[in-house]
Amino acid sequence: MLGEGILKGMAETARNFFGSFVSKERLTTVQYPEVRETLAENARVFPFLVYDEGMKDGERPEWQAGLRCTSCQICEKECPPKCIFIEKSKDKKPDAFGKMQFYPVRFDIDISVCMSCQICVEVCPFDSIKMDKQFELATDDRFGGLLYDVEALARSNSYYNDIHPTEAAAIDKQRAETKVMLAAKAKAASEAAAAKAAAAAAGEGA
Amino acid sequence: MSPVFYLVAALTLGGALTAVVLKNTVHCALALTAAFAGLALLFLGLDAQFAGFAQILVYIGAVAILVVFAILLTRGSETPQGSVYSRYSISGLVAAAAVFAVLGWAVLQSAHMLPNEQAVPMADVHDIGVALMGRYVLPLEILAVLLTAATIGAVIVALHEKEDAK
Amino acid sequence: MFDTLARNFDQIFILLRDWLVSFLPAGMRPVAGIVLSVATIVALFPGLFALTTIFERKGLGRIQNRIGPNRVGPFGLLQPVADGIKSLTKEDIVPVSANAAIHFLAPLVLVVAVFMGFAVLPMGRNMVLVDMDCALLFYFAMGASTELAVFMAGWSSRNKYSLLGAMRAVAQMISYEVVLLLSSVAVVMITGSLSLTKIVAAQDQYTGIFPHWYIFTPWGLAGFVMYAIAATAETNRSPFDLPEGESELVAGYHTEYSGFKFALFFLGEYLAMFSISGLGSTLFLGGWSAPFSFLQWVPSWIWFFSKLMLSIFVFIWMRGTLPRLRQDQLMNFAWKFVLPFTIFNLMVTALWRFMGEGWLRWVVCSALLAAAYGIMARVSMRREHFEPRSYRYAE
């Protein structure tokens, strides 16, 4: 019947109107900024660089010594709006697994350009760049306030565990296994070297 | 001849004059609307309420808008290339003055032939309705037929245009 | 004693005005009385407008599962003050190629024409500003002037989108003006007068406890529904707000207006809503008369304003419910459904008038109107039959 749809619609809106006073599901407003809703675990805003804690270097601060980034520049090349700028170092320093790696002298991300596509995270082979969840980043400094350098981007692994518990736990487990495997390999290599040296010494002696 | 009458007369005459003098056609249409409003106020000044308000409703509410639409939908909205005055403006002015003189003389001559009414006859809406449906029903119906013919003509013209566009 | 108290409370504004005016010499009293009444109307309805904006925003918010503004003042009730300050202090931008004189005059013409409409509404017993014989005709004459203001606004902006919005708005307003007039003519036919006070007086009678409001008659109900549709379209309200839809033409004919002039357009639109609701309640809902005969002790102006606010809430409710109609859908609806039905309603009203009292005319008129509605609904809801679409892909 003509007009029936209108009446049904009006009944629904009336139900919404009166229901919004009594039931929570018909009034989903959150009084921001007094109340903040928690973001989902996989929410992403802008990237940050992970550093492993407990890496003592003597000369460099903890965040620089433990930075996982090896300056491979894959994320710089893959970034669609080209908002990452990396300058590789000339020398190498040991990483968390003891291997000598380059490190970034400059690592700038312009977050006014970044479109949060997460491609840099997906392509990083070293689990060193991950997505942060902070979004209240407005600043009144137009000329550099939104350009984050490596110090501003470096956050600890425990911070990473705080914001993305599941993926950080998986990555930590993987890294622990890698460490164990490397230690076993090193032990096997040293045993083989020791056996070879003993055989060489015995061969000389005989 | 109260000052209000002079003001309203100035509005009507000014509007009508401006409507023929201005270059931009839409300005002329709006000046004509002011002239219509002046006419309506004259009707109201004579206590002819129905005529006055019907004047506003019909002329300003419909005719003026029709005029403006017609100007906008045709090429009348373009500013004229040359002068708006034709070459024969002087003879046109003379002819207009002559016509006005004849009409004025006729009106003034007939003024003393009307009965000397002391009070303005009050014709309220009821009387107008009775007269329209009683004494003047034939002109009313002829007008209705005329309007219907005009509407049908407009629809047919618009319809043909759509078929041509196909 | 209770009766005189009720009567005095009913006439309290008239008594107040007479008392205030009595301080002046006798020669100035009529003029002063009129000036006082006009000042009250000019102050009251914009105040009501401010209240309505906050109710609309909060009401729409609740309908849309959110709270409306709630930061300015308790529950956001001072939001209109903030809006007013914003409108008054914004820079008044006039486009360089705009026609300055007409650009300036358009909002003025709109607001003046709309304010004039309030002069004939009977807001209570003996509370009309001007009691004219052809009050209804005066009201519609002023309504017609608002269309001219809309056109002036759109054309003077020298913006093709404003002009387009203005032409659409004027076309819509003209089409629905015919419907508005014809549905009011039914009331005039039954009452026998164009005077709004007489129309209210004719509805102020009671059989038993039920009033003689015209909405309780079959032709009155049909007429009221058509009047409500036409009123929504006249004031460019949802679902007929294509001319001013923000997502369609930016802001239609008032795109190029900023600051106070825009506030005037906004004011004009809401005031037109008030006056057309007031007229609707006068014509069909009995104006200032009480809904039941035992409620007559409540002052008449309270009834009038309650009916006015009820109409406003229904307007807001409709805005929250219905999607916008497209221009051609709107015009089709007007000319192909609403207008024929209104003309048929007029004929049924004539039948009602000449059938004489009794239950027979109720049955016959209701049956005729229901049948007409059903037939027209069936005809207009017939869908076009589409064939299955065939696609050809490029080789």
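Computed from a predicted model, the values in this text were never measured in an experiment.

Secondary structure summary: chain A contains seven helices and eight strands in total. The globule rule puts the C-alpha radius of gyration for 206 residues at 17 Å, and the 27 Å found for chain A is more than 25% above it. For the C-alpha atoms alone, the extent of chain A along its principal axes is close to 110 × 40 × 35 Å. Counting across all 206 residues of chain A, residues that qualify as buried make up 19%. Considering only contacts within chain A whose residues lie at least 6 apart along the sequence, 65% involve residues at least 24 apart.

Right, let's talk about the overall build of chain B for a bit. A tally of helices and strands in chain B yields six helices and zero strands. Helices and strands in chain B line up, N terminus first, as α-α-α-α-α-α. Buried residues in chain B amount to 17% of all 166 residues. Once local pairs closer than 6 in sequence are excluded, the contacts in chain B between residues at least 24 apart make up 55%.

Below, the discussion takes up the sheet that holds strand S7 (residues 147–148) of chain A. What links the strands of a sheet is backbone hydrogen bonding, and the strands pair in either a parallel or an antiparallel sense. All names here are of chain A. If you walk across this open sheet you meet the three strands as S2-S5-S7, and the pairing is antiparallel. Either end of the sheet is taken by a strand with one partner, and the two such strands are strand S2 (84–88) and S7. Across two bridges, strand S5 (residues 104–110) lies against S7 in antiparallel orientation. Its bridge partner lying in S7, Ile-109 is registered against Tyr-148.

Another aspect to go through is helix H7 (residues 160–191) of chain C. Between its terminal C-alpha atoms H7(C) stretches 46 Å, which fits the 46 Å expected from 32 residues at 1.5 Å a residue. A positive backbone phi angle near 85° is found at Gly192(C), which sits one or two residues after H7(C).

Residues and elements named next belong to chain A. For the bond from Tyr-32 to Pro-33, the omega torsion is 5°, close enough to zero to count as cis. Looking at where Pro-33 falls in the secondary structure, it is placed in the loop between helix H1 (4–22) and strand S1 (47–51). One non-glycine residue, Ser-71, lies in the positive phi region at around 60°. Position of Ser-71 among the secondary structure elements: in the loop between helix H2 (62–65) and helix H3 (74–78). Its 20 C-beta neighbours within 10 Å are what place Ser-71 among the buried residues.

Further remarks concern the interface of chain A and chain C. Facing the 13 residues of chain A at the interface are 13 residues of chain C. Residues of the side of chain A that touches chain C, tallied by class, amount to six nonpolar, six polar and one charged.

Following the sequence through the fold, Gly320(C) ends up in helix H11 (residues 300–321). Expressed as a C-alpha distance, the spacing of Gly320(C) and Leu16(C), which sit 304 residues apart in the sequence, is 40 Å. Contact partners of Gly320(C), with chain neighbours within four places excluded, come to Thr13(A), Leu60(C), Ile63(C) and Gln64(C).

Take the interface of chain B and chain C next. Contact with chain B, which involves 16 residues of that partner, is made by 17 residues of chain C. Of all the secondary-structure elements, those providing two or more residues to the side of chain B that touches chain C are helix H2 (25–45) and helix H3 (49–73) of chain B. Of all the elements, H3(B) adds the most residues to the side of chain B that touches chain C, at eleven residues. In terms of residue class, the side of chain B that touches chain C is made up of twelve nonpolar, three polar and one charged.

Residues and elements named next belong to chain A. Spatial strand order, S6-S1-S8: three strands in an open sheet with mixed pairing. Edge positions in the open sheet fall to strand S6 (129–131) and strand S8 (154–156), since each of these has one partner strand only. Each strand axis lies, on average, 50° off the axis of its neighbour in the sheet, ignoring direction.

In this section: the nonpolar core. Core analysis: the biggest nonpolar cluster contains 108 residues, and Phe138(C) and Ala166(C) have the highest contact counts within it. Examining the composition of this core, we find that 16 residues originate from one element, helix H6 (residues 135–156) of chain C, more than from any other. Aside from chain neighbours lying at most four places away, what touches Phe138(C) is Phe53(B), Val120(C) and Met132(C). Grouped together as the second largest cluster of nonpolar side chains are 21 residues, Leu49(A), Ile84(A), Tyr103(A) and Ala154(A) included.

Residue and element names in this part refer to chain B. Running from N to C, helix H1 (residues 3–21) and H2 point in directions that differ by 155°, and their axes come no closer than 7 Å. Relative to H2, the element H1 is oriented roughly antiparallel. Crossing of H1 over H2 shows left-handed handedness. Facing H1, whose interface residues are Val-4, Phe-5, Val-8, Leu-11, Thr-12, Gly-15, Ala-16, Thr-18 and Ala-19, H2 presents Cys-28, Ala-31, Leu-32, Ala-34, Ala-35, Gly-38, Leu-39, Leu-41, Leu-42 and Gly-45. Looking at the contact of H1 with H2, its residues break down into 14 nonpolar, five polar and no charged.

A separate point is helix H3 (residues 29–63) of chain C. Along its 35 residues, H3(C) runs 49 Å from first to last C-alpha, staying within 8% of the 51 Å computed at 1.5 Å per residue. Where H3(C) is concerned, the buried positions are Phe45(C), Thr52(C), Ile54(C), Lys58(C), Gly59(C), Gly61(C), Arg62(C) and Ile63(C). Elements in contact with the buried residues of H3(C): H1 of chain A together with helix H4 (79–89), helix H10 (260–283) and H11 of chain C. Of the residues one or two after H3(C), Asn65(C) is the one with positive phi, at around 60°.

Residue and element names in this part refer to chain B. In the predicted model, chain B carries a mean pLDDT of 84, and 84% of its residues have values of at least 70. Per-element confidence in chain B is highest for H1, whose mean pLDDT is 92, and lowest for helix H6 (residues 137–165), whose mean pLDDT is 84. Across the assembled chains, the prediction reports ipTM 0.82 with pTM 0.85.

Conventions adopted
- Residues numbered from 1 in each chain as written.
- Chains lettered and ligands numbered in written order.
- Predicted model: local features only at pLDDT ≥ 70, side-chain atom pairs only at ≥ 80, totals over all residues.
- Helix = DSSP H or I, 4+ residues; strand = E, 2+ residues; numbered from the N terminus.
- Rg over C-alpha atoms; globule rule 2.2 N^0.38 Å.
- Buried ≥ 20, exposed ≤ 12 C-beta atoms within 10 Å, placed from the backbone.
- Contact = placed C-beta atoms within 7 Å.
- Pairing = 2+ DSSP bridges.
- Expected span 1.5 Å × (residues − 1).
- Nonpolar A, V, L, I, M, F, W, Y, C, P; charged D, E, K, R; others polar.
- Axes fitted to C-alpha atoms, helices over the stretch in contact; angles between N-to-C directions.
- Core = buried A, V, L, I, M, F, W, Y, C linked by C-beta atoms within 7 Å.
- Parallel < 35°, antiparallel > 145°, perpendicular 65-115°, else oblique.
- Left-handed = near helix turned anticlockwise from the far one by under 90°.
- pLDDT = per-residue confidence, 0-100.

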